[in-house]
Amino acid sequence: MITARDLELRAGARLLVAEASFQIAPGDRIGLVGRNGAGKTTLAKVLAGEGQAAAGTVRRSGQVGYLPQDPRTGNLDMLAIDRVLSARGLDELRAELRAAEAAMAAPDSAAAAAAIRTYGRLEERLAVLGGYAAESQAASITASLGLPDRVLQQPLHTLSGGQRRRVELARILFSDSETMLLDEPTNHLDADSVAWLRDHLKSYRGALVVISHDVALLADVVNKVFYLDAQRSCLDAYNLGWKAYLQQRETDERRRRRERVNAGRQAGALMAQADKMRAKATKARAAQ
């Protein structure tokens, strides 16, 4: 869960969002939308704890998985599959198991016996973390995102930017995080992978915030919408699905346009009245 209170975001001196308060709870699948430059990525970074708000507070509970637009974190010498498994600490456990296996072949019988005992303890830990079923789940996720086994066995520094991004997406989906923040998750995915991701996110039980230009994904997945209004520097929260949100936002925009027109007319009438009063005062002074 994430709770924001009186949040203020800025890009340099420019105000993006002022006094935004909201909560992201389990079961919320929120589409974060707004025009380019409105502050969607900035807000996602702040919610993930990787950016600083100009004012206000953000509180998080549980594990948060964050997919930035350009992921550059992690040890680039790590194998891609180990990067995915690291979401649950399975990468280190696999390395320890491999080391124990090698030590079990030691010519010293005492050292080999100690390695066998170590291997047994590591297998118990592996079982607690989901065991080989978890590794199978990771393999299923990576395959669904178009990552073949040959790519998973390569170090991260040998992969393309698109492959790195799919590895990071697979890592977050595998992590079982209570909250996921996904910034353009369909980038670099083919049509089959996008369809799989849509179905996967629809069944996700945690809290989700997704930034996406994929209208089909938003229509299928989200049950709430946060709209960042760049003109008003505010966040409008709609407790609606995508299609109902579009209709309600159009209604709200028409209402705001009428209010602006009415406000302009009232301001014009007040200015005209003030001009008349000034003119009368000027005539009165001239008469005196």
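For the structure, check the block above.
Everything numeric here is computed off the predicted structure, so don't read it as measured data.

Draft legend 1. Quick peek at helix H7 (residues 161-174). The end-to-end C-alpha distance of H7 is 20 Å, a good match for the 20 Å that 14 residues give at a rise of 1.5 Å each. Burial runs high along H7: 12 of the 14 residues are buried. Turning to H7, its buried residues are Gly162, Gln163, Arg164, Arg165, Arg166, Val167, Glu168, Leu169, Ala170, Ile172, Leu173 and Phe174.

Draft legend 2. How the structure looks around the sheet that holds strand S4 (residues 55-60). Strand order across the open sheet formed by 3 strands is S2-S1-S4, with antiparallel pairing between neighbours. Each edge of the open sheet carries a strand with a single partner, namely strand S2 (14-24) and S4. For this sheet the average axis-to-axis angle between neighbouring strands, irrespective of direction, equals 25°. Sheet topology places strand S1 (residues 2-11) next to S2; 7 bridges connect them, and they run antiparallel. Pairing of Leu9 across the sheet is with Val17, part of S2. Its contacts with the sheet put helix H1 (residues 40-48) on S1, S2 and S4, and the angle it makes with S1 is roughly 135°.

Draft legend 3. Up close: the pattern of salt bridges. Using the criterion set out here, one finds 9 salt bridges in the structure. Linking Arg83 and Glu168 is a salt bridge whose minimum nitrogen-to-oxygen distance equals 2.8 Å. In this pair, Arg83 is assigned in helix H2 (residues 80-85) and Glu168 in helix H7, connecting sequence segments 85 residues apart. An identical accessibility class is assigned to Arg83 and Glu168; each is buried. Among the ionic pairs, Asp220 bridges to Arg198, the shortest N-O distance being 3.2 Å. Note that Asp220 is positioned in helix H9 (residues 215-221) and Arg198 in helix H8 (residues 191-202), a separation of 22 residues in sequence. The partly exposed category is assigned to Asp220, whose relative accessible area is 38%.

Draft legend 4. Representation of the sheet that holds strand S9 (residues 234-238) in the model. Read across the sheet, 6 strands follow the order S5-S6-S7-S3-S8-S9 without closing on themselves; strand pairing throughout is mixed. Each having just a single partner strand, strand S5 (64-67) and S9 make up the two edges of the open sheet. Averaged over neighbouring strand pairs, the angle between their axes works out to 15° when direction is ignored. By the bridge criterion, 3 bridges tie strand S3 (residues 29-33) to strand S7 (residues 207-211) in an arrangement that is parallel. Directly across from Ile30, in S7, lies its bridge partner Val209.

Draft legend 5. Just H1, in detail. Here H1 has its buried residues at Lys40, Leu43, Ala44, Val46, Leu47 and Ala48. With its phi angle positive at about 85°, Gly49 sits one or two positions after the end of H1.

Draft legend 6. Highlighting the pairing of S9. Within S9, 4 of the 5 residues are buried, which leaves the element mostly enclosed by the surrounding structure. Here 5 bridges tie strand S8 (residues 224-229) to S9, and the two strands are oriented antiparallel to one another. Its bridge partner lying in S9, Tyr227 is registered against Asp236. Linking S8 back to S9 in an antiparallel pair, the connection comprises 4 residues, with Ser233 at a positive phi of about 55°.

Draft legend 7. Examining the pairing of strand S6 (residues 179-183) more closely. Most of S6 is tucked away, with 5 of its 5 residues classed as buried. Side chains Thr179, Leu181 and Asp183 of S6 all project onto a buried face; the interleaved residues Met180 and Leu182 project onto the opposite face, where all are buried too. Relative to S6, S5 runs parallel, the two sharing 4 bridges. Across the sheet, residue Val64 finds its bridge partner in S6, namely Thr179. As paired strands, S6 and S7 are joined by 5 bridges and run parallel to one another. Within the sheet, the bridge partner assigned to Asp183 lies in S7 and is Ile211.

Draft legend 8. View of unusual backbone geometry. Notably, His188 is not glycine yet its phi reads approximately 70°, a positive angle. With respect to the helices and strands, the residue His188 is situated in the loop between S6 and H8. With phi around 55°, Ser233 is a residue other than glycine that occupies positive phi space. If you trace the backbone, Ser233 turns up in the loop between S8 and S9.

Reading guide: rules and limits
By convention here, each chain's residues receive numbers from 1 onward along its written sequence. Whole-chain, interface and lining totals are the exception, using all residues; otherwise, since this is a predicted model, local features are given only for residues with pLDDT of at least 70 and side-chain atom pairs are given and counted only at 80 or more. To get the side-chain values, take all heavy atoms of the structure and skip hydrogens and water. By definition, any uninterrupted DSSP run of H or I lasting at least four residues is a helix, any uninterrupted run of E lasting at least two residues is a strand, and each is numbered from the N terminus. Expected helix span is given by 1.5 Å per residue-to-residue step, counting one fewer step than there are residues. Think of it in three bands: residues with accessible area under 20% of the maximum for their type are buried, residues over 50% are exposed, and the middle band is partly exposed, with areas taken using a 1.4 Å probe on protein chains only. Two strands qualify as a pair provided DSSP detects at least 2 bridges between them. Helix axes are fitted to C-alpha atoms over the stretch in contact, other axes to C-alpha atoms as well, and angles between N-to-C directions run from 0 to 180 degrees. Only heavy atoms matter for contacts: two residues are in contact if any of them lie within 4.5 Å across the pair. The term salt bridge refers to a pairing of a side-chain nitrogen on Lys or Arg with a carboxyl oxygen on Asp or Glu at a separation within 4 Å.

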